[in-house]
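Breakdown of the fold
For reference, the chains in residue letters:
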Amino acid sequence: MTSTFLGWRHLAAALALLSAFLSSASEARDLRLATTTSTDHSGLLRAILPPFERERGCRVQVVAVGTGKALKLAENGDVDVVLVHDRQAEQAFVAAGHGLDRRDVMYNDFVLVGPRSDPATVRGGRDVLHALRRIAAGQVRFVSRGDDSGTDRMERSYWEQLGISVRGAPWHVSAGLGMSEVLTMAGEMQAYTLADRATYATTRARTGLEIMVQGDRRLFNPYGVIAVNPKKHPDVNFADATALIDWLTSPAGRSAISAFRPGGEQLFFVTADR
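Since this is a predicted model, take the numbers as computed values, not measurements.

**What to know about the overall build of the protein chain**
- Across its full length, the protein chain holds 11 helices and 10 strands.
- In the protein chain, of all internal contacts separated by at least 6 residues, the share reaching a separation of at least 24 is 75%.
- Total accessible area computed for the protein chain in this model is approximately 13,200 Å², and 53% of it derives from carbon and sulfur atoms.

This is the structure we're talking about:
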């Protein structure tokens, strides 16, 4: 009886060790993805990642921050792969040796949104620079991301093209927040802001903001995916990062992105095959 009891104890201990080992192995297979708030807040990643996780047998940990912060995390080796929207910064990241296998994944566009009252009288325009010039001239309240995101960088480029300095301007509010939070602020303050269409679409019911300017070629918003270079950071999960890149650009991944249509509206469009 004692021998049988000890045998069961040894078996239980062995099973516990095996469970701990398998749990550790599972954690080792986690894939760390740094991406923009737009892909996360819109619900896109929650819709498209589960099929990849099941197929690959790994778990994707999503870190949703601005593009600048996402690329910095990747540069430091704190994540394995990035999905961001600042092509110039992405190309510089790869050129500096921090990333490999950059590929175009999808695109949507930015929209200039504002309160229904439209105090700057820019509704219906297709020239974002003209609209921003009117907002600045009238010193109408504008809420900026101010977080070095792709959206923030795009907005800054518009002011630079106009030769307008917004630093310290009382009408220009730098929030230092994500897109969803900035849209909420703009709605509360009855202000204008620049937003990616996907996040705007998922928040418009509660913010009351309306699209004022769209369709300008300057508002084009492409997304790229990049694996962190394992020569820079040997501990990164390069195998699963590459697998995710392959999946996002495969027929299955492209189909999942195209099928993401909350409320029947397509918010992201896959990049055409080259």
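**Considering the nonpolar core**
- Among the nonpolar cores identified, the biggest contains 30 residues, and Ile 48 and Phe 268 are the most heavily contacted of them.
- Those elements that provide at least two residues to this core are β1 (31-35), α3 (44-56), β3 (81-84), β4 (99-114), α9 (197-207), β9 (220-228), α10 (238-248) and α11 (251-259).
- Top contributing element to this core by residue count: α10, with six residues.
- Among all residues touching Ile 48, those that are not within four sequence positions of it are Trp 247, Leu 248, Ala 256 and Ile 257.
- Formed by 23 residues, the second largest nonpolar core is a distinct cluster that contains Ala 120, Val 122, Ala 131 and Leu 219.

**Some remarks on the confidence of the model for the protein chain**
- Counting all residues, the mean pLDDT for the protein chain is 90, and 89% of those residues have values of 70 or more.
- In the predicted structure, residues 1-8 sits below a pLDDT of 50 and forms zero contacts with residues beyond four places in sequence or in another chain.
- In the model, residues 20-26 has pLDDT below 50 throughout and makes zero contacts with residues more than four positions away in sequence or in other chains.

**Some details on the layout of surface pockets**
- Its boundaries defined by the atoms lining it, the largest pocket holds a volume of some 350 Å³.
- The wall of the largest pocket is formed by 13 residues, among which His 85, Asp 86, Arg 87, Gln 88 and Met 154 lie closest to the centre.
- When contributions to the lining of the largest pocket are tallied by element, the ones reaching two or more residues are α5 (87-95), α7 (150-162) and β9.
- The element that contributes the greatest number of residues to the lining of the largest pocket is α7, accounting for four residues.
- Residues of the lining of the largest pocket, tallied by class, amount to five nonpolar, five polar and three charged.
- A volume near 300 Å³ is recorded for the second largest pocket.
- The wall of the second largest pocket is formed by 15 residues, among which Arg 156, Trp 159, Val 166, Arg 167 and His 172 lie closest to the centre.
- The leading source of residues in the lining of the second largest pocket is α7, at five residues.
- Residues belonging to the lining of the second largest pocket are distributed by class as follows: four nonpolar, six polar and five charged.

**Focus on α7**
- For α7, spanning 13 residues, the distance from its first C-alpha to its last is 19 Å, which sits close to the expected 18 Å at 1.5 Å a residue.
- Taken together, the buried positions of α7 are occupied by Gly 150, Thr 151, Asp 152, Glu 155, Tyr 158, Trp 159 and Leu 162.
- Of the residues one or two after α7, Gly 163 is the one with positive phi, at around 70°.

**Topic: empty space enclosed by the protein**
- This structure, assessed with the given rule, holds one cavity of 30 Å³ or more.
- A volume near 40 Å³ is recorded for the largest cavity.
- Lining the largest cavity are Leu 33, Leu 45, Ile 48, Leu 49, Leu 83, Leu 244 and Leu 248.
- Contributions of two or more residues to the lining of the largest cavity are made by α3 and α10.
- With three residues, the single largest contributor to the lining of the largest cavity is α3.
- Among the residues making up the lining of the largest cavity, the classes are represented as seven nonpolar, no polar and no charged.

**Topic: the packing of helix α4 (residues 67-75) against α5**
- Closest axis-to-axis distance for the α4/α5 pair is 11 Å, and the angle between their directions is 10°. What the angle tells us is that α4 and α5 run roughly parallel. Listed contacts from α5 to Leu 71, Ala 74 and Glu 75 of α4 are Ala 89, Glu 90 and Phe 93.

**What to know about the environment of Asp 109**
- Within the fold, Asp 109 resides in strand β4.
- For the pair Asp 109 and Asp 216, spaced 107 residues apart in sequence, the C-alpha to C-alpha distance is 9.1 Å.
- Once residues within four sequence positions are removed from consideration, Asp 109 is found in contact with Ala 195, Asp 196, Arg 197, Leu 219 and Asn 221.
- In terms of polar contacts, Asp 109 uses its side chain to reach the side chain of Arg 197, at 2.7 Å.

**Let's talk about the pattern of salt bridges**
- One pass over the structure, following the stated rule, counts 21 salt bridges.
- Across the pair Lys 72 and Glu 75 runs a salt bridge whose closest N-O atoms are separated by 3.7 Å. Separated by three residues within a single helix, Lys 72 and Glu 75 lie in helix α4, roughly one turn from each other.
- Of the residues examined, Glu 75 reaches a relative accessible area of 30% and is grouped as partly exposed.
- Note that Arg 197 and Asp 109 form a salt bridge whose closest N and O atoms lie 2.7 Å from each other. Taken together, the residues Arg 197 in helix α9 and Asp 109 in strand β4 connect sequence positions 88 residues apart.
- Under the relative-accessibility criterion, Asp 109 is labelled buried at 18%.

Calculation notes
- Residues numbered from 1 in each chain as written.
- Predicted model: local features only at pLDDT ≥ 70, side-chain atom pairs only at ≥ 80, totals over all residues.
- Heavy atoms only, no water.
- Helix = DSSP H or I, 4+ residues; strand = E, 2+ residues; numbered from the N terminus.
- Contact = heavy atoms within 4.5 Å.
- Areas by Shrake-Rupley, 256 points an atom, 1.4 Å probe, with all protein chains shown as cover.
- Core = buried A, V, L, I, M, F, W, Y, C linked by side-chain atoms within 4.5 Å.
- Buried < 20%, exposed > 50% of the residue type's maximum accessible area, 1.4 Å probe, protein only.
- pLDDT = per-residue confidence, 0-100.
- 1 Å grid on protein atoms, 1.4 Å probe; cavity = no way out; pocket = protein on both sides within 12 Å on 5 of 7 lines; lining within 4 Å.
- Points joined across faces, edges and corners; volume = space filled by probe spheres on them.
- Nonpolar A, V, L, I, M, F, W, Y, C, P; charged D, E, K, R; others polar.
- Expected span 1.5 Å × (residues − 1).
- Axes fitted to C-alpha atoms, helices over the stretch in contact; angles between N-to-C directions.
- Parallel < 35°, antiparallel > 145°, perpendicular 65-115°, else oblique.
- Polar contact = N/O pair within 3.5 Å; in protein donor to acceptor, adjacent residues only side chain to side chain.
- Salt bridge = Lys/Arg side-chain N within 4 Å of Asp/Glu carboxyl O.

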